Every structure is written in C-alpha cells, then in structure tokens.
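A look at the structure
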Amino acid sequence: MTTTPSFPAARAAGCPFDPPPAIRSLQEETPLARVRLWDDSTPWLATRYADQRKLLSDPRVSADITRPGYPSPTPLRGGSISFILTDDPEHARLRRMVTAPFTIKRVETMRPGVQKIVDDLIDEMLAGPNPADLVTAFALPVPSLVICQLLGVPYADHEFFQDNSNVLINRETGPEAKAAAGAALGEYLDKLIGEKLENPGEDLLSGLTERIRAGELTRQEAAQMGVLMLIAGHETTANMIALGTLALLEHPDQLALLRETDDPKLVASAVEELLRYLHITHNGRRRVALEDIEIAGEVIRAGEGIILANDIGNRDPDVFPDPGRLDLRRDSRRHVAFGFGVHQCLGQPLARMELQVVYSTLYRRIPTLRLATDLSEIDFKHDGSVYGVYALPVTW
C-alpha cells in the first residue's frame, strides 16, 4: 500500500494548469492509494475517472461531514452545516427549495442581462487604466453582479462578502477566523432574510421566505443556504474567467478559434474543455464509506475517508486522449468538474451560461488582449480551496 506525503500535493511551478506530478503518477501506477492529510489521517485518493464516477454515485458513500472518518480539508468549525455536506433525505429536501432558479430554461432568460453586465464592464475596463488587473476589473465583478441580482443581495456590499468568502476558502486560515467569517456572513444573510420577510421581491431569497412562512424551512437554514450560494456563485466562476483567460493567452491557436467564431456550439464546447482542462476546485470531492466497498483492486472499509480528485479525473487518458492538451474542439461534456451523482453542482447551468457569454465576448471585444507581465510573475492561489490567480495584469 502506497502512502503519499500529503494532499493536496503541490503543483509544478512550470505547469500552473496541470495537476501535481505526484498525483499524475498515482493515476498511472496506483489509482486508489492512501494519502496523508493535515491531521495525519490517511483516506483513500481515487484518481481515475471511472472509479470517481462509480464512487460519487454509490449510495454506500456519504457526503456527511459530521460522520467519523470524513476527510475534512481543514479543522471543523462550529456553526451550521451546509446542505451540500449532508445526505438524502435532508440533502434532497433542502436542495429542492433552490432548484427552480437554476434550471436551464430559467438561466437562459438571464442571458441578455448577463451579456449587458459583461459589455458594460468591458466598456469600463477599456475606458480605464491600461494595463489593468482582469480579476478586479472584470473576472470578479461579472459573477458577483449576477449572483447578487439572482439572490437579491445588494452589490454595494460586495467587498464585505468577498473578503469574508476569501477567509472561508483559504486553507491556511485558522478555525477561529473561519468561524468569525462564517458568523459574519450568516448574520448578514439572516438580516436580508428578515428584510425580505417584511418586503419580499422577485429574487431567490424572497422565494425562500415563502418556504419559511409555510414551515418548510427555518430562517437559519435559509440564511445558511444564502451564504452557500453567495460564495459559490461568485468565487468559482470568477476564478474560471481569470484562469481560463490566462490558459487561452498561453495557447494562442486556441484563443484564435474562440475569438474568431460566431458559432455558439464551438463556444459551448470551449467552455466544457476549459472546465475539463483547468478544474479549479483542487481539493477534490470528499466522502466517507458507509459500508465496505470493493473497487480498483482494493477494499475501502466502512468509516474510511475517500477523496475524488476531479482535476486528475478530468485528465484520465482512457476517457480524454492526450489529456494534457487544450483542444476547444474536443467533446469534453463528460467531465467531472461539477461532480457527479446527486450532489453534483446545483449552479452548473448558470456557470456555463456566464462562461459562454464571457468567452464569446471578451476576446472579440478586445482582440489584442495580452499579458502585461511574464507568466512566472503571476501569483497563483495555492493556499485556497478554489484554485486561480490573485491578479492577472493584462494590456491591449
């Protein structure tokens, strides 16, 4: 049995878009292996695509973070548990209450509004300083504005919730600081819920107040769901916009394909390939076995933790030939960037639509967009649960 020193492993300095070499070696040699976490626990790490899909859809595998053996990426803090870290039927009960706004049909009605947000921010960037930081000028405001409109959160408060979100997703933040940030966001969303109980609107949080009045949801549950959607709704997409742009600038032949097309199918294909190629949630999906499970020539015992490393799963050569190559024409729709099974990402239709609008607009509106610094000078987010760049200096 092989035990690697730690997980997540460090990415190679010269390959910022690739999974760590040590994890690639495991996929080739020991696809189900023990790894060591911050607390010296040794859960199983699944690196092959097929094994990940099997485990993510196996009812003998639990997402409940409170179960003994769950491979938590950081020390647990007090407070409410997000519904995505629970199992059915509780998970299904709460998820049903926020599913409607994220259906493909509903999301498509938002596309013109997202297009206006993107165009307006590009106008502001072109009228402002050159060079500019793409993260602060564009990548972060786009999804922040979108999720604020969807939830009914004032965008004027974006610095508050972005700062606290950064504390929560940073692996190096201590438990006390995380608890304080979580409490601040919880109080903020609870206050908004209270306001919408008095004066409901047409937004998602107002919809949750109807559930509260009907006795289907507690106010605390509604606030916690709001925190989850607010953080997830801007952090992941913002990093995909910036990191995707950097990847395209480093692959000018692929950038040219996207910049010069007006084919929505190619744009959609490009989004799926970038999601496969980059996969920014590099902590993996975390689970714990409820029963003994035989898989990949090993037996995962009941109570043992499991980590599904989606970034390397999306680089499995048995599913995606020449997986280290960025190919926007590739059929990448089977990627596991959004997970798989009942816990797969609720907001994936919204994320896809936002990325389609961004990737089909930014490079056509600014065809000379390029880095304003060397790749070696870019500061990557190795310390967070969401991978990306802290800043992306660009010029045109």
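Scroll up a little and you will see the structure.
Below or above, wherever it landed, is the structure these notes cover. (Residues numbered from 1 in each chain as written. Predicted model: local features only at pLDDT ≥ 70, side-chain atom pairs only at ≥ 80, totals over all residues. Heavy atoms only, no water.)

Here we look at the overall build of the protein chain
- Helix and strand counts for the protein chain stand at 15 helices and 11 strands.
- In terms of overall dimensions, the protein chain is globule-like: its C-alpha atoms have a radius of gyration of 21 Å, near the 21 Å expected for 396 residues.
- Across its three principal directions, the C-alpha atoms of the protein chain cover 60 × 55 × 40 Å.
- Here the protein chain, with 396 residues, has 55% of them falling under the buried criterion.
- Taking as baseline every contact in the protein chain between residues at least 6 positions apart, the subset at least 24 positions apart corresponds to 71%.
- Carbon and sulfur atoms make up 52% of the accessible area of the protein chain, which amounts to about 17,100 Å² in all. (Helix = DSSP H or I, 4+ residues; strand = E, 2+ residues; numbered from the N terminus. Rg over C-alpha atoms; globule rule 2.2 N^0.38 Å. Buried < 20%, exposed > 50% of the residue type's maximum accessible area, 1.4 Å probe, protein only. Contact = heavy atoms within 4.5 Å. Areas by Shrake-Rupley, 256 points an atom, 1.4 Å probe, with all protein chains shown as cover.)

Quick word on the pattern of salt bridges
- All chains considered together, the criterion is met by 20 salt bridges.
- Here E272 makes a salt bridge to R352, at a shortest N to O gap of 2.6 Å. A residue pair is termed long-range when its members are at least 10 positions apart, and E272 in helix 13 (residues 264–278) and R352 in helix 15 (residues 348–365) qualify at 80 residues. The burial state of E272 is the same as that of R352; both residues are buried. (Salt bridge = Lys/Arg side-chain N within 4 Å of Asp/Glu carboxyl O.)

Details of the sheet that holds strand 11 (residues 393–395)
- Taken in spatial order, the three strands line up as 5-11-10 in an open sheet, and their pairing is antiparallel. Strand pairing shows two members of the sheet lacking a second neighbour, strand 5 (132–133) and strand 10 (370–371), which therefore form its edges. (Pairing = 2+ DSSP bridges.)

Let's talk about helix 8 (residues 158–169)
- If you check helix 8, its first and last C-alpha atoms are 16 Å apart, about what 12 residues at 1.5 Å a residue would give, namely 16 Å.
- Here helix 8 has its buried residues at H158, F161, Q162, N164, S165, L168 and I169. (Expected span 1.5 Å × (residues − 1).)

Details of the layout of surface pockets
- Size it by volume and the largest pocket reaches roughly 410 Å³.
- Lining of the largest pocket is provided by 20 residues; of these, P101, R106, E202, D203 and L204 occupy positions nearest its centre.
- Put simply, the parts of the chain that give the lining of the largest pocket at least two residues each are helix 7 (141–151) and helix 10 (204–213).
- Per element, the largest residue contribution to the lining of the largest pocket is six residues, and it comes from helix 10.
- Here the residues of the lining of the largest pocket sort into eight nonpolar, six polar and six charged.
- Elements represented by at least two residues in the lining of the second largest pocket include exactly helix 6 (134–139), helix 8 and helix 11 (219–249).
- For the lining of the second largest pocket, the class distribution of residues is eight nonpolar, five polar and four charged. (1 Å grid on protein atoms, 1.4 Å probe; cavity = no way out; pocket = protein on both sides within 12 Å on 5 of 7 lines; lining within 4 Å. Points joined across faces, edges and corners; volume = space filled by probe spheres on them. Nonpolar A, V, L, I, M, F, W, Y, C, P; charged D, E, K, R; others polar.)

Quick word on the packing of helix 11 against helix 15
- Contact geometry of helix 11 with helix 15 gives a least axis separation of 11 Å together with a crossing angle of 40 degrees. Taken as a pair, helix 11 and helix 15 cross one another with a handedness that is right-handed. In this structure, helix 11 contributes T237, M240, I241, G244, T245 and L248 to the contact, and helix 15 contributes A351, E354, L355, V358, Y359, L362 and Y363.
- Looking at the contact of helix 11 with helix 15 residue by residue, the class counts come to nine nonpolar, three polar and one charged. (Axes fitted to C-alpha atoms, helices over the stretch in contact; angles between N-to-C directions. Left-handed = near helix turned anticlockwise from the far one by under 90°.)

Digging into unusual backbone geometry
- Cis geometry marks the peptide bond from D88 to P89, where omega comes out at 10 degrees.
- With respect to the helices and strands, P89 occurs in the loop between strand 4 (61–62) and helix 3 (90–96).
- Cis geometry is found at the peptide bond from N130 to P131, where omega equals 10 degrees.
- Within the secondary structure, P131 is located in the loop between helix 5 (111–127) and strand 5.
- Within the chain, D40 stands out as a residue other than glycine whose phi angle is a positive 70 degrees.
- With respect to the helices, strands and loops of the structure, D40 is situated in the loop between strand 2 (32–35) and strand 3 (44–46).
- By relative accessible area, D40 is classed as exposed at 53%.
- Look at D322: it is not a glycine, yet its phi comes out positive at around 50 degrees.
- Mapped onto the elements of the fold, D322 is located in the loop between helix 14 (310–313) and helix 15.

Nothing here speaks to function; it is geometry throughout.
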